[in-house]
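Read off the chains here:
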Amino acid sequence: MYSTSKTEVNTPGLSNDYGSSYFSKIVKERQEDGRKGPENGVLGSNTLLDRKQEILNKFPEMTEDKLEQLIKDYDIESMDSEELFKLAGKLMEDNVIPPAIQEDGLNPLFVFPKELYDAFLRGEIPMPSGVVSMASDFLYSENPYTGEKELGCPEYGLRRLQYENMMCQEAFKRFGSYYTEEEMERQVQLANSKARFLEFAQLLVDYK
């Protein structure tokens, strides 16, 4: 029988770097590293070399040649969700970011517990709601023609990846007590993969 009792969410194997404070941590790192734009808009070669080296240090499986090709071929901020997750697949194949064990890579927002899904199909409970609303900051975009805000999930660049990460983290809070051990393992792997991909994408954007 379906139970609504909640227990403390345990996420074994999920690095502290990818918890709910992940985004504030990234922002803090960006501020602390002192990488301000050079005067007169001219980017010094040392800065570029430093940023490139930072990527190579944080992602040791990435070679300099492959990184140069990525910088040349990909503009993260102009890529839609499908293009972003194809890139994530390439990075997983090269062991640059940890793999997610789902067959379709990083495309799922999160792992939905089968217990809840079956109870929903049997009509015992309404479909759980509220996950998307918790990321309301990501759900509005401004119409360039009218200036009005419009409802819709972000489809491009870092905002898409930030949205995906937030949804994954909210799933731990809302559904964690219903996960089986196997479901939790998949959810943890998915969350770690999404977080590392966001970090890599952010560094790539910073480099450009």
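For the structure itself, consult the block above.
Structure report, in brief.

Cut-off values and rules
- Throughout this document, residue positions are counted from 1 along each chain, in the order its sequence is written.
- Residue-level local features of this predicted model are given only where pLDDT is at least 70; pairs of side-chain atoms are given and counted only at 80 or more, and the full residue set underlies all totals for whole chains, interfaces and linings.
- In computing side-chain properties, one takes all heavy atoms of the structure into account and sets aside hydrogens as well as water.
- Note on conventions: DSSP H or I runs of at least 4 residues are helices, E runs of at least 2 residues are strands, and numbering of each starts at the N terminus.
- Burial classes follow relative accessibility: with a 1.4 Å probe on protein chains only, a residue under 20% of its type's maximum area counts as buried, one over 50% as exposed, and anything between as partly exposed.
- Should any heavy atoms of two residues lie within 4.5 Å, those residues are counted as being in contact.
- For every accessible area listed, the method is Shrake-Rupley and the probe measures 1.4 Å; residues are considered covered only by the protein chains on display.
- Each axis is a line fitted through C-alpha atoms, and for a helix only the stretch in contact is used; angles between axes span 0 to 180 degrees, taken between their N-to-C directions.
- With respect to orientation, any angle under 35 degrees is reported as roughly parallel, any angle over 145 as roughly antiparallel, any angle of 65 to 115 as roughly perpendicular, and every other angle as oblique.
- We call Asp, Glu, Lys and Arg charged. Ala, Val, Leu, Ile, Met, Phe, Trp, Tyr, Cys and Pro are nonpolar, and the rest, Gly among them, are polar.
- Any Lys or Arg side-chain nitrogen located within 4 Å of an Asp or Glu carboxyl oxygen qualifies as a salt bridge.

### Observations regarding the overall build of the chain
Link 1 in the chain: A count of helices and strands for the chain gives 7 helices and 2 strands.
Link 2 in the chain: Expressed as a percentage of the 208 residues in the chain, the buried residues total 40%.
Link 3 in the chain: When contacts within the chain are restricted to residue pairs at least 6 apart in sequence, long-range pairs at least 24 apart make up 73% of them.
Link 4 in the chain: Accessible surface computed for the chain: about 12,300 Å², of which carbon and sulfur atoms make up 49%.

### Quick look at the packing of helix α4 (residues 81-93) against helix α7 (residues 181-207)
Link 1 in the chain: Where α4 meets α7, the closest approach of the two axes is 11 Å, and the angle between their N-to-C directions is 100°. Of the possible angle classes, the one that applies to α4 and α7 is roughly perpendicular. Contacts from Leu84, Phe85, Leu87, Ala88, Leu91 and Met92 in α4 reach Ser193, Lys194, Phe197 and Phe200 in α7.
Link 2 in the chain: For the contact of α4 with α7, the class distribution of residues is 8 nonpolar, 1 polar and 1 charged.

### Observations concerning the pattern of salt bridges
Link 1 in the chain: Counted according to the given criterion, the structure contains 14 salt bridges.
Link 2 in the chain: Residue lysine 194 pairs with glutamate 164 through a salt bridge whose shortest N-O separation is 2.5 Å. Here lysine 194 is found in helix α7, whereas its partner glutamate 164 is found in helix α6 (residues 157-175), with 30 residues between them in sequence. Pair check on accessibility: lysine 194 and glutamate 164 agree, each one buried.
Link 3 in the chain: The salt bridge involving arginine 186 is made with glutamate 182; its shortest N-O contact spans 2.8 Å. Placement of both arginine 186 and glutamate 182 in helix α7 is noted, with a separation of 4 residues, approximately one turn of the helix.
Link 4 in the chain: On the basis of relative accessible area, glutamate 182 is assigned to the partly exposed category, the value being 43%.
Link 5 in the chain: Linked through salt bridges whose partners overlap, the residues forming this network are Glu54, Lys58, Arg196 and Glu199.

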